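Structure at a glance
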Amino acid sequence: MEKILILGAAGQVGIDLTEKLVEIFGPENVIASDIKIPENPKCKFLQLDALDKKAIKEVITKEKITTVYHLVAMLSATGEKNPLLAWKLNMDTLFTILEFAKEGHIKKIFWPSSIAVFGPTTPKINTPQSTIIEPTTIYGISKYAGELLCQWYYQKHNIDVRSVRYPGLISWKAEPGGGTTDYAVEIFYEALKNKSYTCFLKEDTRLPMMYMDDAIEATIQLMSADAETIKTRTSYNVSAFDFTPSELAALIKKHIPDFQIHYLPDFRQNIADSWPHSIDDTQARQDWNWKPRFTLENMVSEMLSKLSIKLKV
């Protein structure tokens, strides 16, 4: 049986992933950690600073951890405001976990990359698995460096580290976390609470997105696959659907007829403009049978339904 440590468990992906891993492996085999403590943790929770190598190593050895899900990162918009800390947090923590694996303390690692690795020179429509990668944000640069680092540790030291490039992720459980695609989460909160939303991107900004349930399913599928089926050791493209703010607003308006959207683009527009419009994830579908379950329409209905209960509106 695997013994799992989740770093960054209180973040957007971490909350949902922790619940799923506890469901699969049991609470006795999952340890969640973060620098902040969430409400009602589903398993043993440790307050850990991912930059504290000594503390993390103590947990890994004491708890006999076999698998680490390393979700710690400073996201795109926040990272542009504090580039030195973003680089340190995103890269130093990854080096730490990869070195622990090299020393034999860990057998398997999951580390997420992002569509932020792509830049303005990347083909924007159906962005291929292997293509021009010239990111323009500290977040994207660190993620691409991380991809190459993971591949290097696999090639040189046979470290079983696996990764997907998450598109924009949409979840009702976690608050927005400082990403450029977070408008697609904020808009649901504001639609339900205020019937109005001012978007920080232009109305026709098309970006690839995914409902969190599918992102978690992709993660679990990848980590469950036989090692010999994993052909890509940088990071796999995964995708579900793509849309613009105006298209999303129109779908929300079908449920909330008096909802209004306004547009006031800020510095995040330049980041979004450098990213793909849609993603080709053929490689993931071929190698480990990836396939999303949620359509855009399903996602909108689910978000409004779940958030209505959460917000009591």
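Below is a short write-up of the structure. What you are looking at is a predicted structure, and each value in this text was computed from that prediction instead of being measured.

**What about the overall build of the protein?**
Counting its regular elements, the protein contains eleven helices and 14 strands. Over its C-alpha trace the protein gives a radius of gyration of 19 Å, about what one expects of a compact globule, namely 20 Å for 313 residues. With the C-alpha coordinates aligned to their principal axes, the bounding extent of the protein is approximately 55 × 45 × 40 Å. Long-range contacts, defined as pairs at least 24 residues apart, comprise 78% of the intrachain contacts of the protein with a sequence gap of at least 6. Accessible area of the protein: about 13500 Å², with a carbon and sulfur share of 51%. Of note, the protein has its 36 positive side-chain charges centred 4 Å away from the centre of its 39 negative side-chain charges.

**Quick word on the pattern of salt bridges**
Going through the model one piece at a time under the given rule, you end up with 16 salt bridges. Its salt-bridge partner being D160, residue R162 comes within 2.9 Å of it at the nearest N-O pair. With relative accessibility at 3%, the residue R162 sits in the buried group. Here R268 makes a salt bridge to D266, at a shortest N to O gap of 2.5 Å. A relative accessible area of 26% means that D266 is categorised as partly exposed. A single network of salt bridges, built from pairs that share partners, joins K3, K44 and E63.

**Description of the sheet that holds strand 11 (residues 207–211)**
As a general point, the strands of a sheet are linked pairwise by backbone hydrogen bonds and lie either parallel or antiparallel. With mixed pairing, three strands are arranged side by side in an open sheet as 9-11-13. Each edge of the sheet is formed by a strand with only one pairing partner; in this case those strands are strand 9 (168–170) and strand 13 (241–243). Taken pair by pair, the neighbouring strands of this sheet meet at an average axis angle of 45°, ignoring direction. In this sheet, strand 11 lies alongside strand 9 in parallel orientation, the contact comprising three bridges. In the strand pairing of strand 11, I170 is matched with Y211. Sheet strands touched by helix 6 (residues 183–194): strand 9, strand 11 and strand 13. Its angle to strand 9, the strand with the most contacts, is close to 25°. Here helix 7 (residues 212–224) sits on the sheet in contact with strand 9 and strand 11, set at roughly 80° to strand 11.

So, how was this worked out
Residues numbered from 1 in each chain as written. Predicted model: local features only at pLDDT ≥ 70, side-chain atom pairs only at ≥ 80, totals over all residues. Heavy atoms only, no water. Helix = DSSP H or I, 4+ residues; strand = E, 2+ residues; numbered from the N terminus. Rg over C-alpha atoms; globule rule 2.2 N^0.38 Å. Contact = heavy atoms within 4.5 Å. Areas by Shrake-Rupley, 256 points an atom, 1.4 Å probe, with all protein chains shown as cover. Lys, Arg positive; Asp, Glu negative; His and termini not counted. Charge placed at Lys NZ, Arg CZ, Asp CG, Glu CD. Salt bridge = Lys/Arg side-chain N within 4 Å of Asp/Glu carboxyl O. Buried < 20%, exposed > 50% of the residue type's maximum accessible area, 1.4 Å probe, protein only. Pairing = 2+ DSSP bridges. Axes fitted to C-alpha atoms, helices over the stretch in contact; angles between N-to-C directions.

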